[in-house]
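Commentary on secondary and tertiary structure
Here is what each chain is made of, one letter per residue.
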Amino acid sequence: MTTPVPDDASPTPPPGCPAHGLGTEGLRRLYGPEAEADPAGLYEKLRAEHGEVAPVLLHGDLPAWLILGHSANLTAMRTPSRFSRDSRRWTAFQEDRVTPDSPLMPVIAWQPLCVFADGEEHKRLRGAVTDSLNRFDRRGIRRYVTRFTDQLIQDFGPAGRAELVAQFAEHLPMLVMTQVVGMPEEYGPRLVEAARDLMKGTETAIASNDYVVATLRRMMERKRVAPGADLVSWLMQHDAGLTDDEVLEHLRVVLLAANETTVNLIADTLKLVLTDRRFRAHLSGGHMTLPDALDQVLWDSAPMSLVAGRWATGDTELGGRQIKAGDMLLLGLAAGNVDPAVRPDLSTPLYGNRSHLAFGGGPHECPGQDIGRAIAETGIDILLTRLPDIQLAVPEEELTWTSAWLSRHLTGLPVSFTPRARGEGETGAPGAVPSTAQAGPAATVPAQAGASQAAPSAAPAQAVTIPRQRRGWWSTLTGRFRR
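Description of the structure in this document. (Residues numbered from 1 in each chain as written. Predicted model: local features only at pLDDT ≥ 70, side-chain atom pairs only at ≥ 80, totals over all residues. Heavy atoms only, no water.)

**Let's talk about the overall build of the chain**
The helix and strand tally for the chain stands at 18 helices and 13 strands. When the 483 residues of the chain are sorted by exposure, 52% land in the buried category. Sequence separation of 24 or more characterises 70% of the internal contacts of the chain that already satisfy a separation of 6 or more. As presented, the chain carries roughly 21,000 Å² of accessible surface, and 52% of it is formed by carbon and sulfur atoms. (Helix = DSSP H or I, 4+ residues; strand = E, 2+ residues; numbered from the N terminus. Buried < 20%, exposed > 50% of the residue type's maximum accessible area, 1.4 Å probe, protein only. Contact = heavy atoms within 4.5 Å. Areas by Shrake-Rupley, 256 points an atom, 1.4 Å probe, with all protein chains shown as cover.)

**Things to note about the environment of Pro106**
By the element assignment, Pro106 lies in helix α5 (residues 105-108). Linking Pro106 and Ala205, residues 99 residues apart in sequence, is a C-alpha distance of 7.4 Å. Aside from chain neighbours lying at most four places away, what touches Pro106 is Gln111, Leu198, Ala205, Ile206, Asn209 and Arg252.

**Structural notes on the layout of surface pockets**
Taken as a whole, the largest pocket holds about 650 Å³ of empty space. The wall of the largest pocket is formed by 30 residues, among which Ala40, Asp300, Ser301, Ala302 and Arg408 lie closest to the centre. Those elements that provide at least two residues to the lining of the largest pocket are α1 (33-37), α2 (39-50), α13 (244-275), α14 (277-284), α15 (290-300), α16 (333-337) and β11 (401-403). Per element, the largest residue contribution to the lining of the largest pocket is 4 residues, and it comes from α2. Across the lining of the largest pocket, the residue classes break down as 15 nonpolar, 6 polar and 9 charged. (1 Å grid on protein atoms, 1.4 Å probe; cavity = no way out; pocket = protein on both sides within 12 Å on 5 of 7 lines; lining within 4 Å. Points joined across faces, edges and corners; volume = space filled by probe spheres on them. Nonpolar A, V, L, I, M, F, W, Y, C, P; charged D, E, K, R; others polar.)

**Considering the pattern of salt bridges**
With the rule as written, the count across this model stands at 21 salt bridges. The partner of Asp230 in a salt bridge is Lys223, with the nearest N and O atoms 3.0 Å apart. Bridged by salt links that share partners, the residues Arg142, Asp295, Arg354, Arg373 and Glu377 form one connected network. (Salt bridge = Lys/Arg side-chain N within 4 Å of Asp/Glu carboxyl O.)

**Some words on the sheet that holds strand β5 (residues 161-163)**
Spatial strand order, β5-β13-β10: 3 strands in an open sheet with antiparallel pairing. Strands at the two margins of the open sheet, each flanked by one partner only, are β5 and β10 (391-392). (Pairing = 2+ DSSP bridges.)

**Structural notes on the packing of aromatic side chains**
The geometry of an aromatic ring pair comes down to the distance between the two centres and the angle between the two planes. If you walk through the whole model with that rule in mind, you get 3 aromatic pairs. Taking NZ or CZ as reference, Arg85 lies 5.2 Å from the ring centre of Phe116, over its face. The ring of Trp110 carries the charged tip of Arg88 above its face, separated from the ring centre by 4.0 Å. (Phe/Tyr/Trp six-rings, centres within 6.5 Å; stacked < 30°, edge-to-face > 60°. Lys NZ or Arg CZ within 6 Å of the ring centre and 35° of its normal.)

Written out as structure tokens, the structure is:
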């Protein structure tokens, strides 16, 4: 039963209420209604009030510094001697002010992985990750993307309509990553759900993290007995001598980071293609390629708004602010990308310019960005080639986003197109698992876990057919515009 509100009740929330977006010290919160409704607007308020570096509050009203300037972000990324990745330095941890059930914990709690290491330890751990990821080539990844894009289009193609976030963008990256990691495909849907919940920092983030960890631990047990050409096996076999915990945590961070960033990159790029005539015209007119278009999206809509974090190794200065030893700094990727110092006119195109902050910089620059770009480029190209007359099915103003402290996520992208029969125009043998490893002794493709048939590499008849050259989708769009 709803309690009636007295006639003289004030509609204004009491001081310190999260609805204000302000804490008891007048600092702005990076969580709550204001932050979630318009994060970009919040960043600009902070920039106007504080400049390049702003004091803010995280969940539990824990203080931190948000870096808003492009140059200041690069300084924090490139000088680990001043700004460490070791979260154990955080004053809030040392003073026991972070509760075990805090939604910050899955992202900020120290773990034995390169993301939280500096110096020689960082080189050892990151070397194992980069070496293992480099054993996959882009062409092999594209074959996986082609296969799963075809499958997803077969699912919604006959209907002549789809919701591209829920039915495409949120599924494609994780389906591809299950193959990279060496998981059975059926793990994909549940992992998609858990990954999205974990990154949103909800009340169930801890439980979702536990599910991801348990799933990866089962995979490690399988690969210890039957190793294959996959990331799990390669990390376990690497000369760096990773412990089981180190292997587990690196698998987790690769899986989650690749999924979250690539989901948002795919969704935001498709949204621009379907709603921005100028953007679409530049593609269709050949003024930019699809890879160049992705860079424009990475400038304007960074897949991760924030990265947490860096911790000051001693008292220092950044952006005119006095930073104390043990203070947390948040990398403001989205805010830095629209810094007026580097982009005085946001309408000026930046096609092919890769000096954006979307993948970070310095020693901790994202090691899996090439895989993420390959998934996005190939998936978008195939989708728009298969469905050349695709168009937005609702007015643009009806599109909505949901925001958390780390990222902003398009909630839906309804589209319509000419229905297509199942199997129409698909490439590759159904069910075949192509090799993504480079040539060499270790480049054998494993059968899916639990499968009884031989691996595709042992049966040439099952090999995936490389797609024939086809007309670029922007050329198809050009023809439509000229009608």
